Amino acid sequence: MRHHGYNPNFNFVVEPEDFNKYSDKELLQYCLGATIYMPGTKNFLQKILDNEIQGLTSMVFCFEDACPEDQVDQAEQNVLHILEQLSTALDHGELSYDNLPLIFCRVRNQEQFEHFASQLTKHQVKVLAGINFPKFNTHNGRKYMEYLEQLNRKFDEILYAMPIIEDAEVAWKETRQQELAGIRAILECYKDIVLQVRVGATDFSSYFGVRRGVDYSIYDVLTVREILSDIINVFGRNNDYVLSGPVWEYFRVSKEMMFETLPDYDIEDCLLKRIPIVNTEVDGLLREVILDKANGFVGKTVIHPTHIKYVNAMQAVTKEEYQDAVNILNNEKGGVFKGESGNKMNEVKPHTNWAMKIYMRSRAYGVIEDEKSYIKLFEERGSLG
C-alpha cells in the first residue's frame with residue numbers, strides 16, 4: 001500500500017513509502033492513518049478486490065459494537081471467507097500487497113477471540129495484520145496478549161495487537177492512574193507485537209452522558225480531554241507507543257463534499273478561525289485532526305469512507321517541518337540553531353522526539369510544500385465512490 005493513491009498526480013516534495021503487514025514495525029506503526037471500522041457481517045470482498053474505497057489503507061472487521069450478538073457466528077464465517085478469498089487472489093496474482101489494505105479484526109472478548117482464532121488457517125493469516133482488543137484493561141489484557149503470542153508461534157506469522165483503551169476504570173479519576181500503569185506494564189512484556197494503542201472516546205463520553213456536537217471537538221469535552229491527556233502521558237512519552245486519534249462520528253454524503261475551486265489559504269488558520277472549507281461535518285473532522293496531531297496522535301479511527309482521504313492528507317508533513325526534523329536528527333553536536341524558515345528555535349535535545357515522529361510520518365505520508373498543499377492533496381475531481 002501507499003498513501004494518497006487516489007491523487008496520483010500530486011507532486012510531493014518527498015514521496016510516501018510503500019508498506020504492507022510485513023514492513024518494519026518501526027515504520028508500519030505510523031502507516032495506519034484513517035482506520036475504518038466495518039461490521040463483520042458485511043461482505044466487502046469485492047470492494048477490496050476492485051479497490052473501490054478511495055484511499056483505503058487500513059480497516060477493521062468488527063465483531064463487537066458493530067455486530068449484533070446473535071450474528072457473531074455469521075460475522076466470523078463472513079470474515080474467514082473474505083480472508084480466504086483475498087489470500088487466494090494473492091496466490092493467483094489477481095491481488096498484490098500493493099493494493100491490499102492492512103486488515104484487522106476487533107473481537108468481543110477472550111472467548112470469542114479464541115473461537116474465531118481456532119478457525120483461522122495459515123493461508124488466511126497471511127492477509128490478516130492483527131487483532132483489536134476492545135476495553136483492554138488489567139483484567140483481560142494479559143490473556144489477550146498471551147493468546148495472540150501463541151497464535152504467532154503457531155502460524156510462524158506476524159499478527160499485531162491493537163489494544164483499545166476505553167474501559168470505565170480508566171474513565172474514573174480515582175482508578176485511572178493505577179489502571180493505566182497496569183496496562184502499560186502488560187504491553188511492555190509484548191511490545192514487539194503492539195502496533196498501536198487506540199482510544200475509545202465514544203465509550204469515555206458515554207460514561208458521563210455526554211456527546212460532542214458537530215461544531216465541537218473531543219478536546220472540548222472536559223472529562224474526556226482529561227482522560228486522553230493521561231493516556232498520552234503514560235503511553236506517548238519518548239514515542240514509546242504510537243497512539244491513534246479517537247473516532248469522529250459525523251459525516252455527510254453528498255456532492256457538497258466536492259469542490260472545484262480550491263481556496264488559496266492556510267488550512268489550519270482557516271479551520272481554527274472557522275472559515276468554511278468543505279462542509280460542517282468534514283470541517284469538524286479536519287479541525288479535530290489538527291488537534292489530534294498537536295497532542296501527539298497519529299491517524300484516526302473513522303466510520304465512513306469519505307473521511308479517509310481527509311485524515312490521511314492531514315498526516316502529511318510540510319517541507320518546513322521535514323527539514324527542521326532532519327536537521328535536528330542529523331545534528332550530532334547538540335545545542336540550538338535557527339529553524340529552516342528562520343522563524344523558530346530548534347533545540348536538538350528537547351526536540352528530538354518531535355523530530356523522530358515528524359520524520360516517520362514523512363516516510364508514511366510524504367512531504368508537501370506547505371499548509372496550502374493539504375487542500376490540494378485531498379482534492380478530488382470525480383465521484384466519491
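Within any chain, residue numbers begin from 1 and follow the written order of that chain's sequence. In keeping with the model being predicted, local features are shown solely for residues with a pLDDT of at least 70 and side-chain atom pairs are shown and tallied solely at 80 or more, while totals for entire chains, interfaces and linings include all residues. Note that the side-chain values use all heavy atoms of the structure and ignore hydrogens as well as water.

**Q** Even after reading the chapter, I still don't get the pattern of salt bridges, so can you show me in this structure?
**A** Charged atoms that come close allow side chains of opposite charge to pair. We count a salt bridge whenever a side-chain nitrogen from Lys or Arg sits within 4 Å of a carboxyl oxygen from Asp or Glu. With the rule as written, the count across this model stands at 23 salt bridges. Arg176 serves as the salt-bridge partner of Asp230, at 2.9 Å between the closest nitrogen and oxygen. With Asp230 in helix H10 (residues 222-235) and Arg176 in helix H8 (residues 173-188), this residue pair connects regions lying 54 residues apart in the sequence. We classify Asp230 as buried; its relative accessible area is 17%. Overall, the relative accessible area of 2% leaves Arg176 in the buried class. Between Lys300 and Asp292 there is a salt bridge whose closest N-O contact spans 2.6 Å. Three exposure classes are used, based on accessible area relative to the maximum for each residue type with a 1.4 Å probe and protein chains only: buried under 20%, partly exposed in between, and exposed over 50%. Exposure remark for Asp292: the relative accessible area of 2% places this residue in the buried category. Within the structure, one salt-bridge network assembled from shared partners comprises Glu64, Asp65, Arg106, Lys135, Glu166 and Asp203. Where helices and strands are cited, they refer to DSSP runs of H or I of at least four residues and of E of at least two residues respectively, numbered from the N terminus.

**Q** Please explain the confidence of the model for the protein as it appears in this structure.
**A** Predicted coordinates in areas of low pLDDT are best not read in detail. Known as pLDDT, the predictor's per-residue confidence is scaled from 0 to 100. Here the protein shows a mean pLDDT of 92. Residues at 70 or above account for 94%. It only takes one pair of heavy atoms within 4.5 Å for two residues to be counted as in contact. Counting contacts from residues 255-261, a segment whose pLDDT is below 50, to residues more than four positions away or on other chains yields 18 contacts. The low-confidence segment residues 381-385 (pLDDT under 50) makes nine contacts with residues lying over four places distant or belonging to another chain.

**Q** I would appreciate a short explanation of the packing of helix H14 (residues 319-330) against helix H15 (residues 348-365) in the present structure.
**A** When two helices pack together, their arrangement is given by the angle between their axes and by how far apart the axes lie. It is the contact of H14 with H15, at a shortest axis distance of 8 Å, that shows an interaxial angle of 125°. Classified by the interaxial angle, the pair formed by H14 and H15 is oblique. The element H14 and its partner H15 pack so that their crossing is left-handed. Residues Glu321, Tyr322, Asp324, Ala325, Val326, Ile328 and Leu329 of H14 lie in contact with H15, whose contacting residues are Val348, His351, Thr352, Trp354, Ala355, Met356, Ile358, Tyr359 and Ser362. In this classification, the charged set is Asp, Glu, Lys and Arg, the nonpolar set is Ala, Val, Leu, Ile, Met, Phe, Trp, Tyr, Cys and Pro, and all remaining amino acids, among them Gly, are polar. Its residues assigned to classes, the contact of H14 with H15 shows 11 nonpolar, three polar and two charged. To obtain each axis, a line is fitted to C-alpha atoms, and for helices this fit is confined to the stretch in contact; angles are then taken between N-to-C directions over 0 to 180 degrees. For classification purposes, an angle smaller than 35 degrees is called roughly parallel, one larger than 145 roughly antiparallel, one from 65 to 115 roughly perpendicular, and anything else oblique. Each crossing is labelled by how the near helix is turned from the far one, with a counterclockwise turn of less than a right angle marking it left-handed and a clockwise turn marking it right-handed.

**Q** How do you make sense of the layout of surface pockets when you look at a structure like this?
**A** Rolling a probe over the atoms, with the probe sized like a water molecule, indicates the empty space that remains. Its boundaries defined by the atoms lining it, the largest pocket holds a volume of some 390 Å³. A pocket here means an open set of points on a 1 Å grid, computed over the protein atoms alone, that has protein on both sides within 12 Å along at least five of seven lines. A cavity is instead a set of points where a 1.4 Å probe fits but cannot get out; residues with an atom within 4 Å of a point line either one. Residue lining of the largest pocket: 20 residues in total, with Tyr37, Arg106, Val247, Thr301 and Ile303 positioned closest to the centre. Partitioning the lining of the largest pocket into residue classes produces 11 nonpolar, three polar and six charged. Grid points are joined across faces, edges and corners, and a volume is the space filled by probe spheres set on the points.

**Q** Which parts of the structure should I look at to understand the packing of aromatic side chains?
**A** The relation between two aromatic rings is expressed through the spacing of the ring centres and the mutual angle of the planes. What counts as a ring pair is set by centres within 6.5 Å for rings of Phe, Tyr and Trp (its six-membered ring), and what kind of pair is set by the plane angle: stacked under 30 degrees, edge-to-face over 60, tilted for all other angles. This structure, assessed with the given rule, holds 15 aromatic pairs. On the numbers, 5.1 Å between centres and 85° between planes, the contact of Phe113 with Tyr147 is edge-to-face. Placement of the pair is Phe113 in helix H4 (residues 110-117) and Tyr147 in helix H6 (residues 141-155), with a sequence separation of 34 residues. Considered together, Phe113 and Tyr147 belong to a single accessibility category, that of buried residues. Relative to Tyr207, the ring of Trp172 lies with its centre 5.6 Å away and its plane at 55°, an arrangement referred to as tilted. In this pair, Trp172 is assigned in the loop between helix H7 (168-171) and H8 and Tyr207 in helix H9 (residues 201-207), connecting sequence segments 35 residues apart. Here Trp172 falls in the partly exposed class, since its relative accessible area comes to 33%. Note on Tyr207: relative accessible area 26%, which makes it partly exposed. Site record: aromatic cluster; members linked through ring pairs are Phe113, Phe133, Phe136, Tyr144 and Tyr147. Over the ring of Tyr241 we find Lys191, and its NZ or CZ is 5.0 Å from the ring centre. Our definition puts a charge over a ring when NZ of Lys or CZ of Arg is within 6 Å of the ring centre and also within 35 degrees of the ring normal.

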